[in-house]
Amino acid sequence: MAESESGQDRSEEPTQKRLDEARRKGQIARSRELNTLAVTLGGAGAALMFGGQIALDLMDVMRAGFSFSREALMDDGSMVKLLLASGTHALVALIPFMVILLIASILGPISLGGWLMSTEAMQPKFSRMSPLSGLKRMFSPQALAELGKALAKFVVLLGVALVVLSTVEDDLLSIAYEPLEAAIMHSAVLVGWSALWLSCGLILIAAVDVPFQLWSSKQKLKMTKQEVRDEYKDSEGKPEVKSRIRQLQREMAERRMMESVPSADVVITNPTHFAVALKYDPEKGGAPLLLAKGGDFLALKIREIAQEHRVILLESPQLARAVYYSTEVDHEIPAGLYLAVAQVLAYVYQLRQYQAGKGKRPGALPDLPIPPDLRRDE
């Protein structure tokens, strides 16, 4: 089991954040053997498809390079023209081959780990220039694994090469008795098939290397329990910071709630444990709105603000408890309390008329109808 620099076991699977950071830094699984296999297979396939034509085109280039007129020989500038013409001809002949190699060199890396363009991976790291770090890499398990792969490749390719040579031995000997053009075409085909069989030998190496690279990359990204805890704290926030944020949010909500108490129509109390501030706007319609609510200390503050701004205070323990437990601040009261609150608002209207000298003093607040499902006893 892998260990961290602190000696703790890396027993935890990497988190998504760890995986994203590793990908951003270019630390993903890559297999050199898979890349080599893709390029060699692509080259062998291109040689089989275009090898004969490339050979004929190069023959034309050689023929043109050794056969030119006397006038061209006497012209000082003709050699440059002939060189450019030969180079252009050869380049055009090799374009299909090079295009296939380019495609194979791109498909090889992205087939394992996907497409990735990391600027961090391209930045120079002076730590890699340290002789001590270089010695550590030379004698690391990774270096031993690379040495084992190199020896395995040598043995496998040597065996495949011997088998291929023994198979095409007669064809190789027969080339000496063929006409020039036929011999060149035959040679191109033999080279293509030989390269293809040698490339197939690399499949065995890649089949072992790809799972190993995936496992090795996963092992490097594994985390200790402490790293997982630290990452959780960084992403979710430290408990004391989150507690402070929640406290500030509560204080801001309470401050806004207290600022709305002066605009209430009535404050209903328990009389000491609970207080709720209600407002009804007939122009907007709808049900009465709960502007503020609180218990104990908050209830005392609501009553003090209401008295300071001459908001009517009414004692109705059952209605105060029912509104407190059933309604959130800035929400309408439930339908079950419509009738009870309507009676309270009617009583408040009569009381205001009396205070303005326009009516008689209302009697005591009548018993309010509180549905059983909304009642809350002390």
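Just above sits the structure.
Note that this is a predicted model, so its numbers are computed, not measured.

Visitor: Hey, could you go over the side chain of Asn270 for me, with residue numbers and the actual values?
Guide: In this structure, Asn270 sits in the loop between β1 (266-269) and β2 (274-279). On the basis of relative accessible area, Asn270 is assigned to the buried category, the value being 4%. Polar contacts involving the side chain of Asn270 include one to the side chain of Arg321, which spans 3.1 Å.

Visitor: How would you summarise the packing of aromatic side chains if you had to cite specific residues and measurements?
Guide: Summed over all chains, the structure comprises 4 aromatic pairs. Ring plane angle 35° and centroid distance 6.2 Å describe the contact between Phe212 and Trp215, whose orientation is recorded as tilted. In this pair, Phe212 and Trp215 are both assigned in helix α9 (residues 180-221), 3 residues apart and thus about one turn of the helix distant. A ring pair is formed by Phe274 and Tyr324, whose centres lie 4.7 Å apart and whose planes are at 55°; its orientation type is tilted. With Phe274 in strand β2 and Tyr324 in helix α13 (residues 317-326), this pair connects stretches of sequence that are 50 residues apart. On the basis of relative accessible area, Phe274 is assigned to the buried category, the value being 10%. The class for Tyr324 is partly exposed, based on a relative accessible area of 21%. Here the aromatic cluster, defined as three or more aromatic residues joined through ring pairs, consists of Phe274, Tyr324 and Tyr325. The positively charged end of Lys293 is found above the aromatic ring belonging to Tyr324, 5.0 Å away from the centroid.

Visitor: Let's hear about α9: which residues, and what values?
Guide: The terminal C-alpha atoms of α9 lie 59 Å apart, and with 42 residues this matches the ideal 62 Å at 1.5 Å per residue to within 8%. Where α9 bends most, the angle comes to about 30°, and this point is Ile205.

Visitor: Account for the sheet that holds strand β4 (residues 312-315), with residues named and values stated.
Guide: The strand order across the open sheet formed by 4 strands is β3-β2-β1-β4, and the pairing between neighbours is mixed. Edge positions in the sheet fall to β3 (289-295) and β4, since each has one partner strand and no second. Strand-to-strand twist in this sheet, taken as the mean axis angle between neighbours without regard to direction, amounts to 20°. Sheet analysis places β2 next to β3, joined by 6 bridges and oriented antiparallel. The partner of Ala275 across the bridge, within β3, is Gly294. The strands touched by α13 are β1, β2, β3 and β4; relative to β2, the strand with the most contacts, the crossing angle is about 75°. Across the sheet, helix α14 (residues 338-355) lies against β1, β2 and β4, angled at about 130° from β4, the strand it touches most.

Visitor: Lay out the packing of helix α2 (residues 32-66) against α9 with the relevant residues and their values.
Guide: The contact between α2 and α9 brings their axes to 7 Å, and the two run at 170°. Between α2 and α9, the interaxial angle falls into the category roughly antiparallel. The class makeup of the residues in the contact of α2 with α9 is 21 nonpolar, 6 polar and 5 charged.

Visitor: Residues and numbers for the nonpolar core, please.
Guide: Core analysis: the biggest nonpolar cluster contains 24 residues, and Val266, Ile268, Leu278, Leu319, Leu337 and Val344 have the highest contact counts within it. Sorting the residues of this core by element identifies β1, β2, β4, α13 and α14 as the ones contributing at least two each. With 7 residues, the single largest contributor to this core is α14. If near-sequence neighbours (up to four positions away) are discounted, Leu319 is found in contact with Ile268, Leu337, Ala340, Val341, Val344, Leu368 and Ile370.

Visitor: Any details on the pairing of β1? Residues and values, ideally.
Guide: Residues Val266 and Ile268 line one face of β1 and the alternating positions Val267 and Thr269 line the opposite face, and both faces are buried. Pairing analysis gives 4 bridges linking β1 to β2, with the strands arranged antiparallel. Considered in β2, the bridge of Ile268 is made with Val276. Relative to β4, β1 is paired through 4 bridges, and the arrangement is parallel. Across the sheet, Val266 pairs through a bridge with Ile312, a residue of β4.

Reading guide: rules and limits
Residues numbered from 1 in each chain as written. Predicted model: local features only at pLDDT ≥ 70, side-chain atom pairs only at ≥ 80, totals over all residues. Heavy atoms only, no water. Helix = DSSP H or I, 4+ residues; strand = E, 2+ residues; numbered from the N terminus. Buried < 20%, exposed > 50% of the residue type's maximum accessible area, 1.4 Å probe, protein only. Polar contact = N/O pair within 3.5 Å; in protein donor to acceptor, adjacent residues only side chain to side chain. Phe/Tyr/Trp six-rings, centres within 6.5 Å; stacked < 30°, edge-to-face > 60°. Lys NZ or Arg CZ within 6 Å of the ring centre and 35° of its normal. Expected span 1.5 Å × (residues − 1). Bend = angle between axes of the 7 residues up to and from the residue. Pairing = 2+ DSSP bridges. Axes fitted to C-alpha atoms, helices over the stretch in contact; angles between N-to-C directions. Contact = heavy atoms within 4.5 Å. Parallel < 35°, antiparallel > 145°, perpendicular 65-115°, else oblique. Nonpolar A, V, L, I, M, F, W, Y, C, P; charged D, E, K, R; others polar. Core = buried A, V, L, I, M, F, W, Y, C linked by side-chain atoms within 4.5 Å.

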